[in-house]
Amino acid sequence: MLSSGIVMQFPDKFANDMPSDMPKTGFAPAEENNDMLIAWMVGISVFGLAAFAAIRKFRTNEK
């Protein structure tokens, strides 16, 4: 990796500040929090089906 190469090249500047693990950012991993993703997918699907039905109904009445 590029970052490990830079650390190896300048160990006095960067080696001391390396964290031992990932910082706690507050974001949940994707495997644990799929509720909003599923809600968005259902909402977009319902909207898409409603738009499709409305367009199809409008076009059949137009002829």
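One numbering rule holds for all chains: residues counted from 1, following each sequence as written. In keeping with the predicted nature of the model, local features appear solely for residues at pLDDT of at least 70, side-chain atom pairs appear and are counted solely at 80 or more, and the whole-chain, interface and lining totals rest on all residues. Values shown for side chains rest on all heavy atoms present in the structure; no hydrogens or waters enter the calculation.

Novice: Could you clarify how one ought to interpret the overall build of the protein in this entry?
Specialist: A run of H or I in DSSP counts as a helix once it spans at least four residues, and a run of E counts as a strand once it spans at least two, with each numbered from the N terminus. Counting its secondary structure elements, the protein contains three helices and zero strands. Counting from the amino terminus, helix and strand elements in the protein follow one another as α-α-α. Burial status follows relative accessibility: with a 1.4 Å probe on protein chains alone, a residue under 20% of its type maximum counts as buried, one over 50% as exposed, and anything between as partly exposed. Across the 63 residues in the protein, those meeting the buried criterion constitute 0%. Total accessible area on the protein stands at roughly 6500 Å², and carbon and sulfur atoms take up 67% of it. Where accessible areas are quoted, they stem from the Shrake-Rupley method and a 1.4 Å probe; at the residue level, only the protein chains shown are allowed to cover.

Novice: Where do I start with the confidence of the model for the protein in this structure?
Specialist: Parts of the model with low pLDDT should not have their predicted coordinates read in detail. A score from 0 to 100, pLDDT tells how confident the predictor is in each residue. Counting all residues, the mean pLDDT for the protein is 78, and 68% of those residues have values of 70 or more. Per-element mean pLDDT across the protein ranges from 76 in helix α2 (residues 11–14) up to 89 in helix α3 (residues 35–62).

Novice: Help me out: how do you make sense of a nonpolar patch on the surface in this one?
Specialist: On the surface, Leu2, Ile6, Phe10 and Phe14 cluster together into a nonpolar patch covering about 390 Å² of accessible area. Among the secondary structure elements, phenylalanine 14 is positioned in helix α2. Take phenylalanine 14: its relative accessible area is 38%, and that puts it in the partly exposed class. Exposure above 30% relative accessible area and the lack of any salt bridge qualify a residue for a patch; like charges then connect within 9 Å, and the nonpolar side chains Val, Leu, Ile, Met, Phe, Trp and Tyr within 5 Å. Salt bridge, as used here: a side-chain nitrogen of Lys or Arg that lies within 4 Å of a carboxyl oxygen of Asp or Glu.

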